[in-house]
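Read off the chains here:
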Amino acid sequence: MKYLYRAYQLLIALPLGIIVTIITALITVIGCSLGGGHFWGYYPGHCWGRIVLWLLLIPVKVEGREHLGRSQSYVFVANHQGAFDIFLIYGYLGRNFKWMMKQSLRKMPFVGWACEKSKQIFVDKRGASSIKKTYDAARSTLQGGTSVVVFPEGSRTFTGHMGTFKRGAFMLADELQLPVVPMTINGSFNIMPRMRDGHFVCWHPLRLTIHPAVYPKGQGTENVQATLSQVYDTVMSALEPEYQGYKENPDQ
C-alpha cells in the first residue's frame, strides 16, 4: 500500500498540486491587484489548503471552532510540527487571517509573490527598523479587524516536540489588549518531518485543536509572561503522548 500511495503522489497528486498552487497564486495576485484584498488575500489560499490535503487523501479533524466569536479579532498561535501545518490552518481554521511568516518565504516561486500581494506579514529581523516595520504591519492588520496566525517557535520542530515560544506575538496581543487563541497541531510531523523535506508524503491523519481564547488580565510584562505560559501549557496539553514534553530546537 505504501508504494501504491507513493506512485499516486508522483503521478497524480504532485502534478495536480503544482498546477493548483500556480493557479491559486495567480488568482491571488490578480484579485489583490484589482482590489478586494480582504477577500482575495484569504479565500484562494483557503481553497488551496483544502485541495492539497484532499489530493493527498489526508483526513482532517478540527475541534473547538465553537470557541471563536464571529466578529472578534484574535492572535492565533500554534505549535509548528511541519510543512503541512500551513495547509491545515489555511484550509480548516475557518477564519480570515494574515500569516506572520519568515522573510525567506518571499523567495518561493509564485507563493512568495502571492503572499506579498496579499499583504501577509513577513517577519524581518535584519535590523531594528525592519523589526519595527513587521510589528507595524501586524498592528495595522489586527486594528483593522483581521486576525493573525503565528508560529511562536519561529521554526519547525526536528523531533515533533515543542521548543520554546518567543514573546513577539504575546507582546503584540498585550499592546492591543487582544485575546490569544492557542491551537494544537497533531499529525503534521508524521506526514513529513522536517528532516525529510522533498521526500514522499507519509499518510497520516491531521488534527487541529482550537482551544478557548486567553484574554488579557492586565497589561505589561507580567501579562505577557502569564499569557505565554498559559498558552504554551495549553498547546502542549493536546499533543499526542509521544510528543509531550519540551525538547530543545537547535534552529531557534
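Structure: see above.
Counting starts from 1 at the beginning of each chain's written sequence and moves along it residue by residue. Local features in this predicted model are restricted to residues whose pLDDT is 70 or higher, and side-chain atom pairs enter the listing and the counts only when it is 80 or higher, whereas totals over whole chains, interfaces and linings include all residues. Heavy atoms from the whole structure form the basis of all side-chain values; hydrogens and water molecules are not counted.

A.B. asks: Teacher, can you tell me more about helix H7 (residues 168–176) here?
C.D. replies: The rule is simple: take the accessible area with a 1.4 Å probe, protein chains only, and divide by the maximum for that residue type; under 20% is buried, over 50% is exposed, in between is partly exposed. Secondary structure elements are defined from DSSP: runs of H or I of at least 4 residues count as helices, runs of E of at least 2 residues count as strands, and each element is numbered from the N terminus. H7 sits mainly inside the fold: 7 of its 9 residues count as buried. All of the buried residues in H7 are Gly168, Ala169, Phe170, Leu172, Ala173, Asp174 and Leu176.

A.B. asks: How do you make sense of the state of the cysteines when you look at a structure like this?
C.D. replies: Covalent bonding between the sulfur atoms of two cysteines defines a disulfide. Cysteine sulfurs are considered disulfide-paired once they come within 2.5 Å of each other. In total, this model carries 0 disulfides according to the counting rule given. The structure places no disulfide on Cys115, whose sulfur is separated from the nearest cysteine sulfur, that of Cys32, by 10 Å. Using a relative accessible area of 12% as the deciding quantity, one classes Cys115 as buried.

A.B. asks: Can you help me understand helix H1 (residues 2–34) in this one?
C.D. replies: It helps to recall that an α-helix has 3.6 residues per turn; residues three or four apart then point in one direction. The end-to-end C-alpha separation of H1 is 45 Å, in line with the 48 Å expected for 33 residues at 1.5 Å each. Throughout, the bend at a residue refers to the angle made by two axes, fitted to the seven residues ending there and to the seven starting there. Along H1, the sharpest change in direction is near 45° and occurs at Gln9. Residues Tyr5, Gln9, Ala13, Gly17, Val20, Thr21, Thr24, Ala25, Thr28, Val29, Gly31 and Cys32 constitute the buried set of H1. Check the buried side of H1 and you find it contacts helix H2 (37–40), helix H3 (43–55) and helix H5 (111–117). Gly35 occupies a position one or two residues after H1 and carries a positive phi of about 110°. To estimate how far a helix should extend, the number of its residues minus one is multiplied by 1.5 Å. We call two residues in contact whenever any of their non-hydrogen atoms come within 4.5 Å of each other.

A.B. asks: What am I meant to see in the nonpolar core here?
C.D. replies: Grouped burial of nonpolar side chains is what soluble globular proteins tend to show. In these notes, a set of buried Ala, Val, Leu, Ile, Met, Phe, Trp, Tyr and Cys residues joined through side-chain atoms within 4.5 Å is what counts as a nonpolar core. Membership of the largest hydrophobic core comes to 38 residues, with the highest contact counts inside it found for Ile89, Leu93 and Met183. Within the residue set of this core, elements represented by two or more residues are H1, H3, strand S2 (75–78), helix H4 (84–92), strand S3 (97–102), H5, strand S6 (180–186) and strand S7 (206–210). Among all residues touching Ile89, those that are not within four sequence positions of it are Ala78, Phe97, Trp99, Val149, Phe151, Met183 and Ile185.

A.B. asks: What exactly am I supposed to notice about the packing of aromatic side chains here?
C.D. replies: Think of a pair of aromatic rings as described by two things: how far the centres are apart, and how the planes are tilted against each other in angle. Centre distance within 6.5 Å is the pairing criterion for rings of Phe, Tyr and Trp, where only the six-membered ring of Trp is used; planes under 30 degrees apart are then read as stacked, over 60 as edge-to-face, and the remainder as tilted. Per the stated rule, a full pass over the model turns up 16 aromatic pairs. Residues Trp48 and Tyr90 carry aromatic rings whose centres are separated by 6.3 Å and whose planes lie at 90° to one another, so their mutual orientation is edge-to-face. Residue Trp48 is found in helix H3, and its partner Tyr90 is found in helix H4; the two are separated by 42 residues along the sequence. Both residues of the pair, Trp48 and Tyr90, belong to the buried class. Two limits define a charge over a ring: the Lys NZ or Arg CZ must be within 6 Å of the ring centre, and within 35 degrees of the ring normal. The side chain of Arg106 reaches across the aromatic face of Phe122, ending 4.0 Å from its centre.

A.B. asks: What's the story with unusual backbone geometry in this structure? I'm lost.
C.D. replies: In terms of backbone geometry, most residues other than glycine have negative phi values and most peptide bonds are trans. In this model, Phe110 sits at a positive phi of 65°, which is unusual for a non-glycine residue. One can find Phe110 in the loop between S3 and H5. Positive phi is not limited to glycine here, since Lys119 has a value of about 60°.

A.B. asks: Just checking my understanding: could you explain the sheet that holds strand S1 (residues 60–63) for this structure?
C.D. replies: In sheet architecture, strand pairing relies on hydrogen bonds along the backbone and comes in two forms, parallel and antiparallel. Any two strands between which DSSP finds at least two bridges are classified as paired. An order of S1-S7-S6-S2-S5-S3-S4 is seen for the 7 strands of this open sheet, with the pairing classed as mixed. Each edge of the open sheet carries a strand with a single partner, namely S1 and strand S4 (121–123). Neighbour to neighbour, the strand axes of the sheet diverge by 20° on average, direction disregarded. Of the strand pairs in this sheet, S6 and S7 are connected by 4 bridges, and their pairing is antiparallel. Among the inter-strand pairings, Asn186 is bridged to a residue of S7, identified as Arg207. This element, H7, spans S2, strand S5 (147–150) and S6 of the sheet and lies at about 160° to S2. An axis is simply a line fitted to the C-alpha atoms; with a helix, the fit covers only the stretch in contact. Between two such axes, the angle follows the N-to-C directions and lies from 0 to 180 degrees.

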